[in-house]
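# Structure assessment
The lines below spell out each chain.
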Amino acid sequence: MSHLMSTYARLPVAFSHGDGSWVTDSDGKVYLDALSGIAVNTLGHNHPALVAAIAAQAGRLLHSSNLYQIPQQEQLADKLAVLSGMDEIFFCNSGCEANEAAIKLARLYGHQQGVDSPATIVMEKAFHGRTMATLSATGNRKAQAGFEPLVAGFVRVPYNDLDAIRAIARYNKNIVAVMLEIVQGEGGIHSADIDFQRGLRALCDDREWLLICDEVQCGMGRTGSWFAFQHAGIRPDVVTLAKGLGGGVPIGACLVAGQATGLFQPGKHGSTFGGNQLATTAALTTIEVIERDGLIANAVAVGALIREGLAQALAGCQGLLEIRGQGLMIGIELDRACAELVTLGLDAGLLINVTADKVVRLLPPLTFSADEGRELVSRLAKLIRDFLAAA
Ligand SMILES: *Cc1c(COP(=O)(O)O)cnc(C)c1O
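Definitions and cut-offs
- Residues numbered from 1 in each chain as written.
- Predicted model: local features only at pLDDT ≥ 70, side-chain atom pairs only at ≥ 80, totals over all residues.
- Heavy atoms only, no water.
- UniProt positions renumbered as here; feature names shortened; annotations may be inferred.
- Helix = DSSP H or I, 4+ residues; strand = E, 2+ residues; numbered from the N terminus.
- Buried < 20%, exposed > 50% of the residue type's maximum accessible area, 1.4 Å probe, protein only.
- Contact = heavy atoms within 4.5 Å.
- Salt bridge = Lys/Arg side-chain N within 4 Å of Asp/Glu carboxyl O.

## What about the UniProt feature "binding site: pyridoxal 5'-phosphate" (unreviewed entry) in the protein?
- UniProt marks Phe127, Asp214, Glu215, Val216, Gln217 and Thr272 with the feature "binding site: pyridoxal 5'-phosphate" (unreviewed entry), using the numbering shown here. Spanning 146 residues, the named residues are also spread out in space, since their farthest C-alpha pair is 25.0 Å apart.
- Structurally, the position occupied by Phe127 is in the loop between strand 5 (119-123) and helix 5 (132-137).
- Judged by relative accessible area, Phe127 falls into the partly exposed class, the value being 23%.
- Residue position: Val216 is located in the loop between strand 10 (210-214) and strand 11 (238-241).
- The class of Val216 is buried, set by a relative accessible area of 8%.
- Look past the residues within four positions of Val216 in its chain and what remains in contact with it is Gly95, Asn99, Thr240, Leu241, Ala242, Lys243 and Gly244.

## Digging into unusual backbone geometry
- Look at the link from Glu148 to Pro149: it is a cis peptide, with omega at 0 degrees.
- Residue position: Pro149 is located in the loop between helix 6 (141-144) and strand 6 (154-157).
- Phi is positive for Lys125, which is not a glycine, with a value near 65 degrees.
- Among the structural elements, Lys125 can be located in the loop between strand 5 and helix 5.

## Some points on the pattern of salt bridges
- In total, this model carries 14 salt bridges according to the counting rule given.
- Between Arg201 and Asp237 there is a salt bridge whose closest N-O contact spans 3.0 Å. Note that Arg201 is positioned in helix 8 (residues 194-207) and Asp237 in the loop between strand 10 and strand 11, a separation of 36 residues in sequence. Of the two residues, Arg201 and Asp237, both sit in the buried class.
- With its nearest N and O atoms 2.7 Å apart, the salt bridge here joins Asp386 to Lys382. Linking Asp386 with Lys382, this pair stays in helix 12 (residues 370-390), spanning 4 residues, or about one helical turn.
- Judged by its relative accessible area of 41%, Asp386 is partly exposed.
- You can call Lys382 exposed: its relative accessible area is 52%.
- It is possible to trace a salt-bridge network through shared partners that takes in Arg201, Asp205 and Asp237.

Below is the structure:
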């Protein structure tokens, strides 16, 4: 009997090593990795620059705690501020922690505005994490079931529905923030419309609400810009990051600008591990390589190649509903539940994911080459065709 808590229904494979977009299992079988550990391994596996930077830092100092100055953390904050246009950054270790910080900030902000019971508008199908507050913000009843009472202070609306938010603004005086993923990941790769984002920005300005963008999955270059909100030319008040930020080393961040700055003072928030020397070195190196190797442009080009390739290869396929996404964040929606495709993918030497029951989700490393894109299209199109034909 396993001594692991049964939080995951794990696939029957363990990987021993990886190289670029390829990983090898304990039997020596090689797989094309179109998932990158759920958008984490930004630079693929065993990237020489990342390996060297982590090894060198490990040989000097792993961790000192935030009781002391951490120059790498300050450098990373400077870099992220330049890339995002945000002003101040708090470092933690994961996406849910980054979102917890954002939710706490919204409450502090609300109280400062004289709202006694501040509430945040959140979206249907949203995913913000598994801690009590982020689970309460998540729009998935199955994930929440059994954990009641949930944390109060969230009001849910349909995604991309500005009128629904305006309607709430008219009667609910407790709203102080709106929180959303610019591209919903777990919810099935749904993008916020550009007009919706701009309208929401204007509404938040008008109402003095904080606009919080959870870019834990869609940030760090994945959609073809450093941050997904940049496609709409808006600046949020709060942005959260994690997954791809450290290239595989756990690190999260909560970025704030404008009216959301200066809210936390010493004693209000913290993290023992957050932003330690190892994690911030890994993130700095990940960003350096993304810049040096033009990986955001690569995400645009190879993402388009994959979507177009799949559209061609699956043309006329009964049961295919939509191929969508931005950059290297791609969803293929079928008309039926298709979790089975993950196991069929393993047999075919391909790592993919299925989310929201019917959506094949692709999150390859940003280093994915055009040839690897074509290989992915050829393996995946065959899988999907056979799957849909067999049913
Ligand atoms: C994965 C994810 C989270 C949670 O991140 P953890 O590191 O698992 O806590 C939060 N928000 C979004 C959008 C995510 O994709």
